[in-house]
Amino acid sequence: MSIHFLNCFTCNARAPLDWRSGTLCLLVETDQGPVLVDTGLGQDDYIHQTSILRIFQVITIVPLNPQEAAVRQVAHLGYQPEDVRHIVLTHMHFDHCGGLPDFPHATIHVHRREYEAFAGRPRRWTDLGYVRRHIAHQPEFVLYDDTGSSWLGLTATRLPFEPAMWLVPLFGHTRGHCGVAVQTESGWLFHVGDAAPIDLGEYAPGWLVRVALGPHAPRLREFGAAHTRVRMTTGHMWLDFFEQGAE
Ligand SMILES: [Zn+2]
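Being a predicted model, the structure only gives us computed values, none of them experimental.

What counts as what
- Residues numbered from 1 in each chain as written.
- Predicted model: local features only at pLDDT ≥ 70, side-chain atom pairs only at ≥ 80, totals over all residues.
- Helix = DSSP H or I, 4+ residues; strand = E, 2+ residues; numbered from the N terminus.
- Rg over C-alpha atoms; globule rule 2.2 N^0.38 Å.
- Buried ≥ 20, exposed ≤ 12 C-beta atoms within 10 Å, placed from the backbone.
- Contact = placed C-beta atoms within 7 Å.
- Arc of directions from axis to C-beta.
- Pairing = 2+ DSSP bridges.
- Axes fitted to C-alpha atoms, helices over the stretch in contact; angles between N-to-C directions.
- Right-handed = clockwise from strand over helix to strand, strands pointing away.
- Core = buried A, V, L, I, M, F, W, Y, C linked by C-beta atoms within 7 Å.

Enquirer: What should I look at first to understand the overall build of the protein in this one?
Expert: Secondary structure assignment for the protein yields seven helices and 15 strands. In summary, the protein has a C-alpha radius of gyration of 17 Å against a globular reference of 18 Å for 247 residues, a match within 12%. Looking at the protein as a whole, 40% of its 247 residues qualify as buried. Looking at the protein alone, contacts between residues at least 24 apart form 64% of all its contacts between residues at least 6 apart.

Written as structure tokens, this is what we have:
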């Protein structure tokens, strides 16, 4: 079993210029075939750019390389798009689920609150990151609720795959945002998505992180300090992270 780390959307800061980051998607080999955790941009996003992506082009530097589409990277790893039967989403922002139409055979696993935030009327500014056409192909959804179970002390819901995977609610960045924990041969990987800044670093004042990413970053850093054997990743990682490819 291995986990491949894919950069499915490079997004660099205008200043400082050495802030070069990619959007982390996981390809996890499971008993039900390769499972994607988030998709990055989809192929159509490169052709018909969404308005939110155009805003990103103004405020950041986005090279927009279509080779970064998850479906192309999955092909490089030897899989057909239809081999991907399951996709787990941390949340449904355009840069995390734009690739859903490229995997029309996949069932989408997401927290019910996130799906409802996506499908309902926009209520807050982070809802502007949702792009309706990303589910225009009407994929099948499995929606998760809190079940009272927990993973390493955090409220979590078990996902139906082996090795074990858990959906860990970290609401705030979006109304139903979750992290995803994956059991690996060397221990747990805890992908916290956009609930914390890149690689859990402290680059901005706490209030700003709270507004943009929700309230969890301090608690997640404490969790990391208390569980040094759990490897933690974030929805956006420095570009050099991706050079390792797989775990
Ligand atoms: Zn996001």
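Enquirer: Explain the environment of Asp18 here, please?
Expert: Counting through the fold element by element, Asp18 comes out in the loop between β1 (3–13) and β2 (20–30). For the pair Asp18 and Thr39, spaced 21 residues apart in sequence, the C-alpha separation works out to 25 Å.

Enquirer: In this structure, what is going on with helix α5 (residues 112–119)? I would like to understand it.
Expert: Given 3.6 residues per turn, any residue in an α-helix points the same way as the ones three and four places further on. Within the span of α5, buried status applies to Arg113, Glu114, Ala117 and Phe118. With its buried residues spanning 135° around the axis, α5 presents them on a single face. Exposed residues lying more than 90 degrees from the buried face of α5 are Glu116 and Ala119. The elements touched by buried residues of α5 are β6 (107–111).

Enquirer: Could you clarify how one ought to interpret the sheet that holds strand β11 (residues 165–169) in this entry?
Expert: Two pairing modes exist for strands in a sheet, parallel and antiparallel, and in both the strands are linked by backbone hydrogen bonds. Ordered in space as β10-β11-β12-β13-β14, the five strands form an open sheet in which the pairing is mixed. Of all the strands in the sheet, just β10 (157–159) and β14 (231–233) have a single pairing partner and so form its edges. Within the sheet, the average angular offset between the axes of one strand and its neighbour, ignoring direction, is 25°.

Enquirer: Mind showing me how you'd approach unusual backbone geometry here?
Expert: Peptide bonds are mostly trans, and most non-glycine residues show a negative phi. Residue Pro163 is bonded to the preceding Glu162 through a cis peptide linkage, with omega at 0°. Within the secondary structure layout, Pro163 lies in the loop between β10 and β11. The phi torsion at Gln138 lies on the positive side, around 55°, for a residue other than glycine. With respect to the helices and strands, Gln138 occurs in the loop between α5 and β7 (141–144). Gln138 sits in the exposed class, given 7 other C-beta atoms within 10 Å. Positive phi, close to 45°, is recorded for Leu152, a residue that is not glycine. Its place among the elements puts Leu152 in the loop between β8 (150–151) and β9 (154–155).

Enquirer: Before we go on, may I ask you to explain the pairing of β7 in this structure?
Expert: Direction of pairing for β6 relative to β7: parallel, over a ladder of four bridges. Pairing of His109 across the sheet is with Val142, part of β7. Between β6 and its parallel partner β7, the chain crosses via α5, and the hand of that crossover is right-handed.

Enquirer: Can you help me understand the nonpolar core in this one?
Expert: Note that soluble globular proteins tend to have their nonpolar side chains buried in a common cluster. Membership of the largest hydrophobic core comes to 56 residues, with the highest contact counts inside it found for Ile87 and Val180. Here this core takes six residues from β1, the largest share from any one element. Every residue in contact with Val180, bar those within four places of it in the chain, is listed here: Val37, Val88, Thr90, Met165, Leu167, Val168 and His191.

Enquirer: I would appreciate a short explanation of the environment of His173 in the present structure.
Expert: Positionally, His173 belongs in the loop between β11 and β12 (178–184). On the basis of neighbour counts, which here come to 25 C-beta atoms within 10 Å, the residue His173 falls in the buried class. Linking His173 and Ala246, residues 73 residues apart in sequence, is a C-alpha distance of 27 Å. Beyond its immediate sequence surroundings of up to four residues, His173 is in contact with His91, Thr126, Asp194, Ala195, Leu213 and Gly214.

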